[in-house]
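The primary structure of each chain is shown beneath.
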Amino acid sequence: MPSVTPSEQPMHWPAMLAIVLFPVLLVGLWVAILHLIATASGWRALAGAYAGDRPFQGRTYSGVNGWVGMLGYGWSLTVGGNREGFHMSVMRPFRPGQPPLFVPWDDVRFESGQALLLGPVVDLRMRRVPRVRIRLPEGVVRDLVQASERALELPGTGAGATIESHGTPEVDSSPRG
């Protein structure tokens, strides 16, 4: 009987099953965690009222640091604004359970937020889901309001105040999901 070296031995089915199942379980765990984050932050509630069901076109900022509810979305947000409203999405790897949002400007209320280590912020409250706060850097919010070409009142400015641009936005007219 010829001898069989370890490299020539057939792999046992438990080892093959583990090799196949590990990536599936890892992806499943990732998706489950993202769904828990969406629920805990309030993103799921916002998506129920303001699902961004069409591609967004307008001025956008990628890599924005912000908060939804009590959870931080460290530099993973894309936010945008146009004449109709406010867009927000997360980077694709974080998207399961957190679909893009689109909120008409008439449903957005601006509040002063407490200044954080990274600078002043503005809190956004949505009319249909007022319990969930979105907190974004003040300069980004001011640029989004400027992109709206509407007279929207930010905290501390008064109605119709001149909005000065801060930062360099991405001007992108391609659809965003």
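Just above sits the structure.
Owing to the predicted nature of the structure, the values given are computational and were not obtained by experimental measurement.

### Things to note about the overall build of the protein chain
Piece 1. Looking only at helices and strands, the protein chain has three helices and eight strands in total.
Piece 2. Helices and strands appear in the protein chain in the N-to-C order α-α-β-β-β-β-β-β-β-α-β.
Piece 3. The proportion of buried residues among the 177 residues of the protein chain is 39%.
Piece 4. Pairs at least 24 residues apart make up 53% of the contacts formed inside the protein chain by residues separated by at least 6 positions.

### A short note on unusual backbone geometry
Piece 1. Its identity as a non-glycine residue notwithstanding, Trp-75 has a phi of 55°, on the positive side.
Piece 2. Among the secondary structure elements, Trp-75 is positioned in strand S2 (residues 71–81).
Piece 3. Here the phi dihedral of Glu-149 falls at roughly 55°; this positive angle occurs in a residue that is not glycine.
Piece 4. By secondary structure assignment, the location of Glu-149 is in the loop between helix H3 (138–148) and strand S8 (170–176).

### Overview of the environment of Arg-135
Piece 1. Relative to the assigned elements, Arg-135 resides in strand S7 (residues 129–137).
Piece 2. Taking relative accessible area as the criterion, Arg-135 reaches 10% and is therefore assigned buried.
Piece 3. Along the chain, Arg-135 and Ser-112 lie 23 residues apart, while their C-alpha atoms are 9.6 Å from each other.
Piece 4. For Arg-135, the contacting residues outside a window of four places in its chain are Gly-66, Trp-67, Gly-113, Gln-114, Leu-116, Val-121, Val-122 and Asp-123.
Piece 5. A distance of 2.6 Å separates the side chain of Arg-135 from the side chain of Asp-123, its partner in a polar contact.

Calculation rules
- Residues numbered from 1 in each chain as written.
- Predicted model: local features only at pLDDT ≥ 70, side-chain atom pairs only at ≥ 80, totals over all residues.
- Heavy atoms only, no water.
- Helix = DSSP H or I, 4+ residues; strand = E, 2+ residues; numbered from the N terminus.
- Buried < 20%, exposed > 50% of the residue type's maximum accessible area, 1.4 Å probe, protein only.
- Contact = heavy atoms within 4.5 Å.
- Polar contact = N/O pair within 3.5 Å; in protein donor to acceptor, adjacent residues only side chain to side chain.

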